[in-house]
Every structure is written in C-alpha cells, then in structure tokens.
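# Fold and contact review
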Amino acid sequence: GAGVSQSPRYKVAKRGQDVALRCDPISGHVSLFWYQQALGQGPEFLTYFQNEAQLDKSGLPSDRFFAERPEGSVSTLKIQRTQQEDSAVYLCASSSGGAGANVLTFGAGSRLTVL
Amino acid sequence: AQSVTQPDIHITVSEGASLELRCNYSYGATPYLFWYVQSPGQGLQLLLKYFSGDTLVQGIKGFEAEFKRSQSSFNLRKPSVHWSDAAEYFCAVGPNNAGNMLTFGGGTRLMVKP
C-alpha cells in the first residue's frame, strides 16, 4: 500500500478484555516496529520485526502483550486482560531495511481506551 | 543507553516569527538524528534526518536542523512560522547501525498566535 495502515483507529475496551490491533506496513518493507504513546508523551519502543522474525521485544511492558508477524507482512499486537494503564495510542512503523533502515514511516495509530 | 531530552514542553510563537526547538541527546557514538511532526489524530511525519556529512540539514516545510556534536544537540529551526505549523514536534535518536529502534524525546507542543 501507499502508507502504513492501522486498524482499528479507535478501540474502547472494558478492563480485563483482550484486544488485537492490526498493522499493514508499506508493501515490501522488511522492518516493522510497534510503539506505545501515552497521552502527552513521546512514543516508546515496544517491539521490532525483521520479516517474520521478532528480533527485539524488550519494550513490551508485560507478558500480557504479544506481537506477531507470521508471514512477514501484516502484524498484530495483542493485549490480554487489558488494564487502565494500557490506555494509549499504539503506533506501527515500517522501513525498507538496509542502509535506509532507520527511516521509519508511521501509521496514524490505534487509540486504545480501557475503562 | 541512548536518550533524548526536549527541554521545552510548550512553545508559543507569533505567525511570521522565527522558531527554534531544542533537542539534546545522549549516545555513545555519532547517532542518527531525526525530527518528526505529529498533528492531532495523525501519525508521525518525518521532517528531516541527519546520518552523516553536512551538519546543517534541510527538511520539508521550510525546516532545518543543525547537528552540534560538541553540544550533543540537534535543534530544529524555521525562519518564519505559519499557522499550519502548530503541532507536536518530536526529536529522535537511533543507533548508527541498520535495523534498530528509535528513542524519542517527550515532544514540544508548538502553538502559533495569529
């Protein structure tokens, strides 16, 4: 696609529910990143994929957070048993890899509100 | 570990005035440096980047930034601000190897007075 597409744009969940957030990166982009942006803060790194391999998941805040990219394109971030502190915008970004690997193109984000 | 500090949380400037947004970073070597802009409800848009070479880099929308190694700074400037520049601005640092994640500052919210 022309850009990074994320869905849903908005999600309201009751505390304890599971949610799944989808990211469709730019076609052919090797690298995919998930970031969490709390209200009034800068984005914070969650996890990174190169193709289907999850190379870094050091930013995932707890074992309730899980990400996958099984075919090396679309990725899903899953949050189990959501808590109020999970409320944030979840940003996905992709890059082409190689020398330009650090030029990230971001999606518009998925805003999660946990009640 | 790398880190980024944006000392100004909010800045208000008059339309047509000049702008400078401050960014200081901490990193063990020469990093890759970026400025992104985020409008309400939108994702992050890349304004400019520094990888190597000329320390004054030009970006989109008339923005520029200067890398000063001695000050560990990468300040963003614009000579004449337009009302449409009102947004949140984020400085970010990345390690100088391929395929690793960026660390962002806390952001500076720019407001433009008519």
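The structure reproduced in this document is the subject of the present report.

Here is what the cut-offs are and how they apply
- Residues numbered from 1 in each chain as written.
- Chains lettered and ligands numbered in written order.
- Predicted model: local features only at pLDDT ≥ 70, side-chain atom pairs only at ≥ 80, totals over all residues.
- Heavy atoms only, no water.
- Salt bridge = Lys/Arg side-chain N within 4 Å of Asp/Glu carboxyl O.
- Buried < 20%, exposed > 50% of the residue type's maximum accessible area, 1.4 Å probe, protein only.
- 1 Å grid on protein atoms, 1.4 Å probe; cavity = no way out; pocket = protein on both sides within 12 Å on 5 of 7 lines; lining within 4 Å.
- Points joined across faces, edges and corners; volume = space filled by probe spheres on them.
- Helix = DSSP H or I, 4+ residues; strand = E, 2+ residues; numbered from the N terminus.
- Nonpolar A, V, L, I, M, F, W, Y, C, P; charged D, E, K, R; others polar.
- Pairing = 2+ DSSP bridges.
- Core = buried A, V, L, I, M, F, W, Y, C linked by side-chain atoms within 4.5 Å.
- Contact = heavy atoms within 4.5 Å.

### Looking at the pattern of salt bridges
All names here are of chain A. Under the defined criterion, the tally for this structure stands at eight salt bridges over all chains. Among the ionic pairs, Arg22 bridges to Asp24, the shortest N-O distance being 3.7 Å. Residue classification places Asp24 among the partly exposed positions, given a relative accessible area of 30%. For Asp86, the salt bridge goes to Arg64, with nearest N and O atoms at 2.8 Å.

### Concerning the layout of surface pockets
Each pocket or cavity is described by its volume, and for the largest pocket that value is around 440 Å³. Contributing to the lining of the largest pocket are 25 residues, with A:Gln37, A:Leu39, A:Val89, A:Arg111 and B:Gln38 lying nearest its centre. Sort the elements by how many residues they give to the lining of the largest pocket and strand E11 (residues 110–114) of chain A lands first, with four residues. Classifying every residue of the lining of the largest pocket gives ten nonpolar, eleven polar and four charged. A volume near 160 Å³ is recorded for the second largest pocket. As for the second largest pocket, its lining consists of A:Tyr35, A:Gln41, A:Gly42, A:Pro43, A:Glu44, A:Phe45, B:Met101, B:Leu102, B:Thr103, B:Phe104 and B:Gly105. Elements supplying a minimum of two residues to the lining of the second largest pocket: strand E5 (44–50) of chain A together with strand E11 (103–104) of chain B. Among the residues making up the lining of the second largest pocket, the classes are represented as six nonpolar, four polar and one charged.

### A look at the pairing of strand E10 (residues 87–94) of chain B
Along any regular strand, the residues point their side chains to alternate faces of the sheet. Residue and element names in this part refer to chain B. Within E10, eight of the eight residues are buried, which leaves the element mostly enclosed by the surrounding structure. Two elements, strand E5 (residues 32–38) and E10, share seven bridges in a ladder whose sense is antiparallel. Bridged to Leu33 within E10 is Val93. Across three bridges, the pairing between E10 and strand E12 (residues 108–113) is antiparallel. Bridge pairing links Tyr89 to Thr108 in E12. Where E10 lies against E11, two bridges are found, and the strand directions are antiparallel. Opposite Val93, over in E11, you have Thr103 as the bridge partner.

### What about the nonpolar core?
Counting residues in each nonpolar core, the largest one holds 26 residues, and the members touching the most others are B:Leu19, B:Trp35, B:Leu47, B:Leu48, B:Phe74, B:Leu76 and B:Tyr89. Where this core is concerned, the elements lending two or more residues are strand E2 (10–14), strand E3 (19–21), E5, strand E6 (44–50), strand E8 (64–68), strand E9 (73–78), E10 and E12 of chain B. The biggest single contributor to this core is E10(B), with four residues. Apart from residues no more than four positions distant in its own chain, B:Leu47 is found in contact with B:Trp35, B:Tyr36, B:Val37, B:Gly59, B:Ile60, B:Lys61, B:Phe63, B:Leu76 and B:Tyr89. By size, the runner-up hydrophobic cluster in this structure holds 20 residues, among which are A:Trp34, A:Leu60, A:Ala88 and A:Leu112.

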